[in-house]
Amino acid sequence: MDKLKKLEILSDAAKYDVSCSSSGSNRKNKKDGLGNTSTAGICHSWSDDGRCISLLKILLTNYCVYDCVYCVNRSSNDLPRAIFTPEEVVDLTINFYKRNYIEGLFLSSAVFKSPDYTMELILKVVKTLREKENFNGYIHTKTIPGADDLLVEEVGRYVDRMSVNIELPSENGLKLLAPKKTKKDILKPMGFIHNNILQTKEDKKIFKATPNFVPAGQTTQMIVGATEDNDLNILNLSESLYKTLNLKRVYYSAFIPVSTNPKLPVINSPPLVRENRIYQADWLLRFYNFEAKELLDERNPNFDLELDPKCNWALRNIHLFPVEINKADYKTLLRVPGIGVRSAKRIISARNFTTLDFFDLKKLGIVLKRAQHFITCKGKYFGFNDINPEIIRSQIITPYKNGKDTRQISMFDNVSFEDKWMEIGGEI
Amino acid sequence: MISYIYDGSFDGLLTSIYEAFYAKEKPTDIIREEDFRENFLVEKGYIKTDSEKARKVYSAIENKISPESLRRVFYAYLSELPDSGMIILRYLQVGFKIGSDVDLNLANEDVLNMDKISRLVGKERHRITGILRFKKIKEEILYARVEPDHNIIALVAPHFKERLKGENFIIHDTKREIGVFYNKKEWIVKDIERLDPFLVKDSEEIYEDLWRTYFKAISIQTKTNPKLQKRNMPMRYWKYLTEKNI
Ligand code: SF4
């Protein structure tokens, strides 16, 4: 099979992995070497679905010994299969990189022959890139659940980022849809990577020459809408992953029906709005000091599809508002709907020189559509006569048409899914 | 009303700033010679570039305001926008009063305008590091064409030099007819008036086909969203984009 055909098959198979980020690492180029990394990451293109392309994201192979129901690569599925040789992957990476198509490689794989066998092939790729080709661009690899710890550790010495995809956010989901995988299979390597990262940090304090281990940290991905799990389950899981395993990112992927297996839900289109809401909530956890339990609870375990999670929280806590723009501290500003990280910083900085009024805020580029209902400037309130959650809600919702996901996802449209969170407009 | 007209160089701009600070009648415009349009209401003040005066302004900005401020002024200059001269002048007037904290004073219109214009250039610099495409041409040279809004090829040169240490490369700004040339050791910016024919001829490349194949396959069809794509990657940049030229 020629390279073109293989590439077509194996990038097509990788496209459901949401992550394409090249951030978090500041690897330097070496003498006679090729490439380096940029801490903030760089997008090189945007595909027709509008997602950022930063890395060459491919599977080593889509031949799989497993048969996970939700996955296109499941062994029972009839589709064209291919396998790259490690040399081919190396060659593509180097030549794409030189032409500035990519920041580096994101290599993943289905399970070919056995987890260890597959992991060894991945190791061969990353080792050749780093040692033989002196390549210092970005490398992200998946670990194959069930692969030997030693292999995982060795791969980790060469790459910038590693990920194990959780995919299904609960044990029940796994039992139903991926019966050969257990929670342990997935969490064990995550814990192992985490411990190695910590250990390497400690060692580096004593021996500066300690080799790196996954310097850009680990990430994971979950499918939204393939199981019964509600948003609260998902968000709680993410929160604990951030807290206990120090994950850099959790990615979410709206379930796209890839088979008609009766175990899978019947849906017409992927739940994009729901995915979007979960992303917003995830942002609130990581950059806005929110906790999952503030955003959802047992009585309201799912997000309001018409309203972003921050507005939703604010309306339920209307007694905390309005806040005075000239007095509120950074943390409080961040909790105002419509004011994001960048806006809050600009307000704080401009306040040092003058007392801000409503028009100053406009000049600063702060979007007031939502914020105006929750703030005062010099004591003056710009929303409606009195602060009434019902009325405010009716002003700021995005109507969610009869159970159908609309395409009008406004707020996250400008997210490239690159880690450059400042560019998210930051303004949730 | 007097318009300062300078030769388009950074030194020329800084000389204009110098003159403006000491002049009794302040200019209403500071403009590059090539952007100047005759207008019978305005008096023309031709500024003769003086590297000594320019140097004084340069170090005054750096020392009395901040190196960051100097960076902003330089970026604003590279924007090549017609109002950049006056934005810089007004910003510096505030800057010399406030000192190193000037950039925090975003409620001030002049500071805000500087913030916007330098950010615009910084944003394009970043964008071009991503969407510039090299192709291999004769004798192992990587060659890229770009047509940026602002004059940023010298800003991206260090980035590519660091990455592609061991390669020869040319970054050709076809709008301004200049290019960055790097020879595995150092880079310079030179005028490119006439292109060698081998540069113009698009060499066919297997890797370009592979890249286009990849580009197509990686998109999720059920989520196609051309509006989002264009917002992130405006169409004016597609001209030299390998994946958009089939
Ligand atoms: S092991 Fe991975 S690639 Fe194989 S079927 Fe399961 S999810 Fe798909």
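Residues numbered from 1 in each chain as written. Chains lettered and ligands numbered in written order. Predicted model: local features only at pLDDT ≥ 70, side-chain atom pairs only at ≥ 80, totals over all residues. Heavy atoms only, no water.

Things to note about the packing of aromatic side chains
Tallied over the full model, the rule gives 21 aromatic pairs over all chains. For the ring pair Phe96 of chain A and Tyr101 of chain A, a centre distance of 5.3 Å and an interplane angle of 65 degrees mean the geometry is edge-to-face. Here the two residues Phe96 of chain A and Tyr101 of chain A agree in accessibility, since each one is buried. A network of ring pairs unites the aromatic residues Phe96 and Tyr101 of chain A together with Trp211 and Tyr214 of chain B as a single cluster. Note that Lys113 of chain A overlies the ring of Tyr117 of chain A, its terminal NZ or CZ placed 4.6 Å from the centroid. Sitting over the ring of Trp313 of chain A, Arg335 of chain A keeps its end group 5.0 Å from the ring centre. (Phe/Tyr/Trp six-rings, centres within 6.5 Å; stacked < 30°, edge-to-face > 60°. Buried < 20%, exposed > 50% of the residue type's maximum accessible area, 1.4 Å probe, protein only. Lys NZ or Arg CZ within 6 Å of the ring centre and 35° of its normal.)

Re the domain arrangement of chain B
All names here are of chain B. For chain B, the domain assignment lists domain 1 (2-125) and domain 2 (133-240). Distance from the C-alpha centre of domain 1 to the C-alpha centre of domain 2: 31 Å. Here domain 1 packs against domain 2, burying approximately 890 Å² in sum over the two surfaces, 55% of which is carbon and sulfur. Summed over the three residues of domain 1 that lose the most area to domain 2, namely Leu78, Glu124 and Arg125, the buried surface amounts to 63% of that side. Between domain 1 and domain 2 we count 1 salt bridge in total. Arg176 serves as the salt-bridge partner of Glu80, at 2.9 Å between the closest nitrogen and oxygen. Put simply, the parts of the chain that give the side of domain 1 that touches domain 2 at least two residues each are helix H3 (67-79) and helix H5 (109-131). (Domains from an automatic or database assignment. Buried area = accessible area lost by both parts, 1.4 Å probe. Salt bridge = Lys/Arg side-chain N within 4 Å of Asp/Glu carboxyl O. Helix = DSSP H or I, 4+ residues; strand = E, 2+ residues; numbered from the N terminus.)

Some details on the site of the ligand
Cys64, Tyr66, Cys68, Tyr70, Cys71, Asn73, Arg74, Ala110, Val111 and Lys181 of chain A make up every residue found near the ligand. Its residues placed into classes, the shell around the ligand shows 7 nonpolar, 1 polar and 2 charged. (Near = heavy atom within 4 Å. Nonpolar A, V, L, I, M, F, W, Y, C, P; charged D, E, K, R; others polar.)

Digging into the domain arrangement of chain A
Often, the extent of an interface is quoted as the loss of accessible area on bringing the components together. If you check the domain split of chain A, you get domain 1 (3-295) and domain 2 (309-424). One C-alpha centre belongs to domain 1 of chain A, the other to domain 2 of chain A, and the line joining them spans 33 Å.

Some words on helix H8 (residues 206-217) of chain B
The end-to-end C-alpha separation of H8 of chain B is 17 Å, in line with the 16 Å expected for 12 residues at 1.5 Å each. Of all 12 residues in H8 of chain B, 9 are buried, a share of seventy percent or more. (Expected span 1.5 Å × (residues − 1).)

Some points on the interface of chain A and chain B
Taken together, the 63 residues of chain A in the interface contact 55 residues of chain B. For the pairing of chain A and chain B, the buried interface totals around 5300 Å² over both sides, and the portion due to carbon and sulfur atoms is 56%. At the boundary of chain A and chain B, one finds 6 salt bridges. Across the pair Lys363 of chain A and Glu109 of chain B runs a salt bridge whose closest N-O atoms are separated by 3.9 Å. (Contact = heavy atoms within 4.5 Å.)

Considering the sheet that holds strand E7 (residues 218-224) of chain A
All names here are of chain A. Spatial strand order, E3-E4-E5-E6-E7-E8: 6 strands in an open sheet with parallel pairing. This sheet does not close on itself; its edge strands, each paired only once, are strand E3 (55-59) and strand E8 (249-254). With strand direction ignored, the average angle separating the axes of adjacent strands in the sheet is 20 degrees. Running at roughly 175 degrees to strand E5 (residues 138-142), helix H3 (residues 115-132) makes contact with strand E4 (104-108), E5 and strand E6 (161-163) of the sheet. (Pairing = 2+ DSSP bridges. Axes fitted to C-alpha atoms, helices over the stretch in contact; angles between N-to-C directions.)

Digging into a nonpolar patch on the surface
A cluster of nonpolar side chains, contributed by Phe353 of chain A together with Ile98 and Leu104 of chain B, occupies part of the molecular surface with about 210 Å² of accessible area. In this structure, Phe353 of chain A sits in the loop between helix H12 (341-351) and helix H13 (358-363). (Patch = residues over 30% accessible without salt bridge, like charges linked within 9 Å, V, L, I, M, F, W, Y side chains within 5 Å. Areas by Shrake-Rupley, 256 points an atom, 1.4 Å probe, with all protein chains shown as cover.)

Section: the pairing of strand E5 (residues 141-146) of chain B
All names here are of chain B. With 5 of 6 residues buried, E5 is to be regarded as a mostly interior element. Relative to E5, strand E4 (residues 134-137) is paired through 4 bridges, and the arrangement is antiparallel. Looking across to E5, one finds that Ile137 is bridged to Ile141. From the end of E4 to the start of E5, which pair antiparallel, there are 3 residues, and Glu139 there has a positive phi angle of about 50 degrees. Judged from the 6 bridges that link them, E5 and strand E6 (residues 168-173) form a sheet pairing that is parallel. Note that in E6 the partner of Tyr143 across the bridge is Ile170. Crossover connection from E5 via helix H6 (residues 153-163) to parallel E6: handedness right-handed. (Right-handed = clockwise from strand over helix to strand, strands pointing away.)

What about the packing of H5 of chain B against H6 of chain B?
In a pair of packed helices, the angle between the axes and the distance between the axes together describe the arrangement. All names here are of chain B. Between H5 and H6, the least distance of the axes is 9 Å, while the angle of their chain directions is 40 degrees. Judged by the sense of rotation from one axis to the other, the crossing of H5 with H6 is right-handed. In contact with Val121, Arg125, Ile128 and Thr129 of H5, H6 contributes Leu155, Val156, His159 and Phe160. The class makeup of the residues in the contact of H5 with H6 is 5 nonpolar, 2 polar and 1 charged. (Left-handed = near helix turned anticlockwise from the far one by under 90°.)

Quick notes on the state of the cysteines
Residue and element names in this part refer to chain A. Counting across every chain of the model gives 1 disulfide over all chains. Across the disulfide from Cys43 sits Cys52; the S-S distance is 2.3 Å. Of note, the bridge from Cys43 to Cys52 carries an S-S torsion of about -110 degrees and is left-handed in sense. Taken individually, Cys43 and Cys52 each receive the classification buried, so the pair is uniform in this respect. (Disulfide = S-S within 2.5 Å.)

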